[in-house]
Amino acid sequence: MANYSTNEFKAGLKIMQDGEPCAIVENEMVKPGKGQAFNRVRIRKLISGKVVEKTFKSGDSVEGADVIDIDLAYLYNDGEFWHFMNNETFEQIAADEKAVGDAVKWLVEQDVCTLTLWNGNPISVAPPNFVELEITETDPGLKGDTAGTGGKPATLSTGAVVRVPLFVQIGEVIKVDTRSGEYVSRVQK
Amino acid sequence: MQRSNAWQPSATLEVLRERAALLAKVRTFFAARDVLEVDTPVLSHYGVTDVHLQNLRTHLAGDPAPYFLQTSPEYAMKRLLAAGSGSIYQLGKVFRDDEQSPRHNPEFTLLEWYRVDYSAADLMQEIAALLQFTVGAPPTQTVRYQDLFIQQLGVDPLADDAVVALQQALSQQPGLAELVIREKHLDTLLDLAMAMVIEPRLDPEIPTFVTDYPASQAALAQLSQGDPRVAHRFELFYGGIELANGYQELTDATEQQQRFKRDREQRKASGKSDTPEDPRLLAALECGMPDCAGVALGFDRLLMVFLNKRHIGEVLPFAIDRA
C-alpha cells in the first residue's frame, strides 16, 4: 500500500495507525509563521470506531490502508456469519459479528448495505439510511391518538426497539431512520 | 462548496467594504507618521532560504533561470533601506506554497514595515498604536518567551535539558505523545509547544507580544547583547491568532551569510529544495543597512480578528479554492 505525505491528508483518506485501519475525519495544518508546520488530525479507527486526535510533523508520511467501501445486498444469517451478495457479480461475502456490530438490528433481507473491507475482509457494515420493519410487540395504544404525542416503545422483527406513536399496532410495518434509530412513518402494505 | 457557486466571492460584499476601509486606515496611519509607502516586486530572481518557508517558482519565456514569487518583501525592502530610503512600509501580496488552513491562504496580504533607528521595543509601541487606531484594540501586554514557557509548561526553553523537559511536558498533552517521543530537535519541540499548547492559552482579548525568542529561532534578528541565548525577535498574538513577527534587524552581512548557509544545510538535511542565497541582499548589507526594526503583520488576519471571522476565506474576495 502506498504511503501518504501529510500534504495529501484530507477527510476520508484511509491510513494505518496503531496497526489499525483509520479514516481521517478532520485535518488542519497548524503553522507558526517562522516555524515547523504540523498537521492536527482527527481520525476514526475503523475497527473499534474510536475517534482519536493525533499530531504529525508536516512532511512526514504514513502508511496507507487498503480500505474500500462496497454496496452489497444482505442475504441471510447462518448463526455465525451474515452473508452479503454483490448484485452484479453475485459474489458473496460473509461478515462476522464484530464487523456487523450494531447494524445487526437493521438488517433486512435484500436491503443494500455498505460494507467496509480492509485487505478484502469486512470490518464494518452500514445499513441503509431507512429500513422498513414489522412491529412484533407493542402495547395496544389509544386508537384515537393521531397526534403522535408521547409515544410508546415497540419491538421490531429484528429485535430493535424504537419509540412509535400510540396509534401504531402490532403487525404493522414502519419506516425507521437507522442513523438516529427514530420512527419515520407507517408503511402502507 | 458547490461547483456551481464557485464564481461567487468567498467574502461578503459587506466584509469587502470593511477590508477597503481597513486598508485605507493603515495608509492613513503611516501617512501621518511620514513613513514612505513602497511596492517592491512580487516576482524576483531569488527566493528565501528559510527552512520552513516554500517559495512558489515560475519561469519567464526564453529564460532558463527560475523566478520566485516572494514569501515576504523583506529582502527588497532591506535593499531600499540600504539605498537610503528611510522608514518604509508596504501592503502587498505574498505567496507561500504548502500553506492552507483556516488561517492560511497560499496568497495573502502582508503589511510589512521598517523603522530606521527604532529598537524592537519602539516598534512594538508603534504596533500597539496601529492596532488601537485601525481596529480599536485594547492596550497590549508583553511577556518574554522564556517566562511564558516556564509559566505554561514549567519548562525553561533555554536550559541545557530543554529537549528532555519538553518531551516530558508535551507527552502529557492529548495527541502529542507519539510525536514528541521520536522528536529530538529542540526547535521542532519549541514550535510544537508554542503552536499547539501555549498559543491557544493566550488571552484572545489582549494583544500579546512574546519577546526574546531563542537564538536558534532568530532568522534575521540581532542577538541580544546582554544574553546571546536569545534574539531581538518578537511575535504578536491577538484574537487567538499569530498576527505579526518582528525583529531588531540583523545588519551584519557576514553573520547573514552564515545564517543563509546554515538554513541551506538544514533544508538539504530535511530533503527540501535548495534555494540560492540572495547575493543582492548580501551586497546591500555589505554596503551598509541602517540600524532598524521591522515587522510583518498579516493583514487578512488583522481583518479576521477585527470582524471575528474564523476562516481566512471569509475576508478574501476569492480564497484559493475559488481563485
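Residues numbered from 1 in each chain as written. Chains lettered and ligands numbered in written order. Predicted model: local features only at pLDDT ≥ 70, side-chain atom pairs only at ≥ 80, totals over all residues. Heavy atoms only, no water.

Per an unreviewed UniProt entry, chain B goes by Elongation factor P lysine(34) lysyltransferase and derives from Pseudidiomarina halophila. Chain B has a UniProt comment under Catalytic activity (unreviewed entry) that states "D-beta-lysine + L-lysyl-[protein] + ATP = N(6)-((3R)-3,6-diaminohexanoyl)-L-lysyl-[protein] + AMP + diphosphate + H(+)". The record held by UniProt for chain B lists under Subunit (unreviewed entry) the comment "Homodimer." (UniProt positions renumbered as here; feature names shortened; annotations may be inferred.)

Chain A has the name Elongation factor P in an unreviewed UniProt entry, where Pseudidiomarina halophila is given as its organism. Here chain A is described in UniProt, under the heading Subcellular location (unreviewed entry), as follows: "Cytoplasm". According to the UniProt record, the Pathway (unreviewed entry) comment for chain A is "Protein biosynthesis; polypeptide chain elongation."

A. How the structure looks around the nonpolar core. Residues and elements named next belong to chain B. By size, the foremost hydrophobic cluster in this structure holds 38 residues, and its most contacted members are Phe30, Leu111, Trp113, Ile127, Phe234 and Leu243. Of all the elements in the fold, those that place two or more residues in this core are α1 (13-32), β5 (88-95), β6 (107-116), α3 (120-135), β9 (233-238), β10 (241-248), β11 (292-298) and α10 (299-307). Considering each element in turn, this core owes the most residues, seven residues, to α3. Those residues within four positions of Ile127 in sequence are excluded, and the remaining contacts are Trp113, Phe209, Phe234, Leu236 and Val295. One finds Leu170, Leu176, Leu190 and Met196 within the second-largest nonpolar core, a separate group that totals 28 residues. (Core = buried A, V, L, I, M, F, W, Y, C linked by side-chain atoms within 4.5 Å. Buried < 20%, exposed > 50% of the residue type's maximum accessible area, 1.4 Å probe, protein only. Helix = DSSP H or I, 4+ residues; strand = E, 2+ residues; numbered from the N terminus. Contact = heavy atoms within 4.5 Å.)

B. Up close: the environment of B:Gln70. Residue and element names in this part refer to chain B. Mapped onto the elements of the fold, Gln70 is located in the loop between β4 (66-69) and α2 (74-82). The class for Gln70 is buried, based on a relative accessible area of 9%. Contact partners of Gln70, with chain neighbours within four places excluded, come to Pro41, Val42, Ser44, Tyr46, Asn55, Val94 and Phe95. At 3.3 Å, the side chain of Gln70 forms a polar contact with the backbone oxygen of Tyr46. (Polar contact = N/O pair within 3.5 Å; in protein donor to acceptor, adjacent residues only side chain to side chain.)

C. Representation of the UniProt feature "domain: Aminoacyl-transfer RNA synthetases class-II family profile" (unreviewed entry) in chain B in the model. Under the UniProt annotation, the feature "domain: Aminoacyl-transfer RNA synthetases class-II family profile" (unreviewed entry) is placed at residues 19-317 of chain B. Annotated as residues 19-317 of chain B, this span is 37% helix and 20% strand, and its ends, taken at the C-alpha atoms, are 10 Å apart.

D. Highlighting the domain arrangement of chain A. The domains assigned to chain A are domain 1 (3-63), domain 2 (67-126) and domain 3 (130-186). For domain 1 of chain A versus domain 3 of chain A, the separation of C-alpha centres amounts to 42 Å. (Domains from an automatic or database assignment.)

E. How the structure looks around α1(B). Residue and element names in this part refer to chain B. For α1, which comprises 20 residues, the first-to-last C-alpha distance of 29 Å matches the rise-based estimate of 28 Å (1.5 Å per residue) to within 8%. By the burial criterion, the buried members of α1 are Val15, Arg19, Leu22, Val26, Phe29 and Phe30. For α1, the arc enclosing every buried residue in end-on projection is 90 degrees, short of the 170-degree limit, so these residues lie on one face. Exposed residues lying more than 90 degrees from the buried face of α1 are Leu13, Glu14, Arg17, Ala31 and Ala32. Downstream of α1 by one or two residues, Asp34 has phi in the positive range, about 65 degrees. (Expected span 1.5 Å × (residues − 1). Arc of directions from axis to C-beta.)

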